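Descriptive analysis of the structure
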Amino acid sequence: MSTLSAGHAAPMSAQLSLVHQHYRALLRTRRSYTLIAVGALLAFLAGALWYADKSNAGEFFDRLPYFFDFFIHFQPEEPMEILRALFDLPSPFADGSFKYDFEVGRVYLFGDFYLPEYFYQMLITVNIALISTLIGVTFAFGLSFFAASNVTGSRSVRFVVRRFLEVLRAFPEIVIAGMLVAILSIGPIGAIVAVSIHTIGSLGKLFYEVIENADRRADEGLRAVGGNWLERVRFGYVPQVLPNFVSYALLRMEINVRASTIIGAVGGGGIGEVFRLSIGRDHAAKTYAIIILLFATIIGIDWISGYLRKRLVGQAAFNIGG
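Summarised in this report is the structure supplied together with it. Just so you know, these numbers come straight off a predicted model, no measurement behind them.

Some words on the packing of helix H7 (residues 173-184) against helix H10 (residues 229-268)
Where H7 meets H10, the axes come as close as 9 Å, and the angle between the chain directions of the two elements is 45°. The angle between H7 and H10 falls in the class oblique. In this structure, H7 meets H10 at a crossing whose hand is right-handed. Of the residues in H10, those in contact with Glu173, Ile174, Ala177 and Val181 of H7 are Arg252, Ala259, Ile262, Ile263 and Val266. Looking at the contact of H7 with H10, its residues break down into seven nonpolar, no polar and two charged.

What about H10?
If you check H10, its first and last C-alpha atoms are just 41 Å apart, much less than what 40 residues at 1.5 Å a residue would give, namely 58 Å. Put simply, Asn228 is the residue that caps the front of H10, since its side-chain oxygen is 3.2 Å from the backbone nitrogen of Leu230. Among the residues trailing H10, Gly269 stands out with phi positive, at a value near 80°.

Considering the environment of Asp215
By the element assignment, Asp215 lies in the loop between helix H8 (188-212) and helix H9 (217-224). By relative accessible area, which is 32% here, Asp215 ends up partly exposed. As a C-alpha pair, Asp215 and Gln240 span 25 residues in sequence and 7.9 Å in three-dimensional space. Once residues within four sequence positions are removed from consideration, Asp215 is found in contact with Tyr237 and Gln240. In this structure the side chain of Asp215 is engaged in a polar contact, spanning 2.6 Å, whose partner is the side chain of Arg217.

Remarks on the pattern of salt bridges
With the rule as written, the count across this model stands at twelve salt bridges. Across the salt bridge formed by Arg163 and Glu166, the nearest N and O atoms sit 2.7 Å from each other. A residue pair is termed a helical-turn pair when its members lie 3 or 4 positions apart in one helix, as Arg163 and Glu166 do in helix H6 (residues 155-168) at three residues. Classification of Arg163 as partly exposed rests on a relative accessible area of 30%. Using a relative accessible area of 32% as the deciding quantity, one classes Glu166 as partly exposed. The salt bridge involving Asp215 is made with Arg217; its shortest N-O contact spans 2.6 Å.

So, unusual backbone geometry
Excluding glycine, a negative phi dihedral is what most residues carry, and trans is how most peptide bonds are arranged. One non-glycine residue, Asp88, lies in positive phi territory at about 55°. Structurally, the position occupied by Asp88 is in the loop between helix H4 (80-86) and strand S1 (107-110). Asp88 gets classed as buried once you look at its relative accessible area, which sits at 1%. Even without being a glycine, Asp282 presents a positive backbone phi close to 65°. For Asp282, the position within the fold is in the loop between helix H11 (271-280) and helix H12 (284-313).

Remarks on the pairing of S1
Looking along a regular strand, one sees side chains alternate from face to face of the sheet. The sheet contact formed by S1 and strand S2 (residues 113-115) spans three bridges and is antiparallel. The residue of S2 that forms the bridge with Tyr108 is Tyr114. Counting the residues that bridge the hairpin from S1 to S2 gives two residues, and of these Gly111 lies at a positive phi of roughly 60°.

What to know about the packing of aromatic side chains
Working definition: an aromatic ring pair is given by the centre-to-centre distance plus the angle between the planes. Using the criterion set out here, one finds eleven aromatic pairs in the structure. Ring geometry for Phe110 versus Phe113: centroids 5.3 Å apart, planes at 20°, classification stacked. Under the relative-accessibility criterion, Phe110 is labelled exposed at 58%. A centroid spacing of 3.9 Å and a plane angle of 15° characterise the contact between Phe207 and Phe245, whose relative ring orientation is stacked. Of the two residues, Phe207 sits in helix H8 while Phe245 sits in helix H10, which places them 38 residues apart along the sequence. Here Phe207 falls in the buried class, since its relative accessible area comes to 0%. Site record: aromatic cluster; members linked through ring pairs are Phe141, Phe145, Phe207 and Phe245. One Lys or Arg, Arg106, reaches over the ring of Tyr114 and ends 4.3 Å from the middle of that ring. In this structure, Arg281 packs its charged tip against the face of Phe98, placed 5.3 Å from the ring centre.

Cut-offs applied
- Within any chain, residue numbers begin from 1 and follow the written order of that chain's sequence.
- At least 70 in pLDDT is required for a residue's local features to be given in this predicted model, at least 80 for side-chain atom pairs to be given and counted, and no such filter applies to totals for whole chains, interfaces and linings, which use all residues.
- Only hydrogens and water are set aside; all other atoms, that is, all heavy atoms of the structure, feed into the side-chain values.
- For every element, the axis is a line fit to its C-alpha atoms; helices are fit only across the contacting stretch, and the angle between N-to-C directions ranges from 0 to 180 degrees.
- Labels follow the DSSP assignment, with helices taken as runs of H or I lasting at least four residues and strands as runs of E lasting at least two, numbered in each case from the N terminus.
- For classification, angles of less than 35 degrees are called roughly parallel, those exceeding 145 degrees roughly antiparallel, those between 65 and 115 degrees roughly perpendicular, and all remaining angles oblique.
- Working rule for handedness: look at the near helix, and if it is turned counterclockwise from the far one by less than a right angle, call the crossing left-handed; if clockwise, right-handed.
- Whether two residues are in contact is decided by their heavy atoms: any pair within 4.5 Å suffices.
- Residue classes follow a fixed rule: Ala, Val, Leu, Ile, Met, Phe, Trp, Tyr, Cys and Pro count as nonpolar, while Asp, Glu, Lys and Arg count as charged, and any other residue, Gly among them, counts as polar.
- Expected span, for any helix, means 1.5 Å times one less than how many residues it has.
- Between N or O atoms, a polar contact is any pair within 3.5 Å; within protein, one atom must be a potential hydrogen donor and the other a potential acceptor, and residues adjacent in sequence are included only when both atoms are from side chains.
- Buried means the residue's accessible area, taken with a 1.4 Å probe over protein chains only, is under 20% of the maximum for its type, while exposed means over 50%, and partly exposed covers the values in between.
- Salt bridges are counted wherever a side-chain nitrogen of Lys or Arg sits within 4 Å of a carboxyl oxygen of Asp or Glu.
- The criterion for strand pairing is that DSSP finds at least two bridges linking the strands in question.
- Only rings of Phe, Tyr and Trp enter the pairing, Trp through its six-membered ring, and a pair is recorded when the two centres are within 6.5 Å. The plane angle decides the type: under 30 degrees is stacked, over 60 is edge-to-face, the rest tilted.
- Any Lys NZ or Arg CZ found within 6 Å of a ring centre and within 35 degrees of that ring's normal is scored as a charge over the ring.

Here is the structure:
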């Protein structure tokens, strides 16, 4: 038996050498395809940017060096003006114009106790998001079971429900709100309807996908003892999918707060409307106050949602290897 000297690999047989050559050829082919795909993606991206630049009235790339000019010049008289605008405190720069009329927007609750204007508008926005989420979850919950293939055997029913959910989520909330303004006029009602419609379509799809991935053993057991369709759904699937349903609903609540803010800018009321007015009138202190309030609200809602999800599904689900 021949021995191998240190640092020298064992000679390969002809068959093993052929397999190794074939593997290296496949590896080269895969790398070539990867390079071609990356090159095509970069070329497409460059072409898209070029087209967008030519379509932009202000020549995007020519104006790019001046990107931060807006933030440099869009500054309040002093940093404390932002806090005064946020809490509706009198401004030392008041000159009778809308720019410094911080006290005018106060919402008096009783006596001299008031709620600052932007906090009140933020409550309207959060209320729109909350009501829309509740409506969306309610309808999505019911429709999802008719769209799931492991719960509803009729293909025609599943087809109709799934297409209906697709239609509901086909248009962004702001597009739906724009169409509803002509019907329901300007205000929170149109915003609630627009966000609710999109929420039903989006959550409905997520919900029925969760149902289709559920364990079917409980359903089979209920079938075996003569359980009807409603009993199979109630006792076989709902206990399994409910934690995921709540998790998706909380996530959608965060999304709806942002959507409600955007819709407010087109007449849906709430913080989005006052934000549009403040930035359009070049009121820097008010604009930055609203941005800070929005940022704090989103962080707060995100923290509360995360806390509720952990309480619902357990801390172990959030730990690596848990």
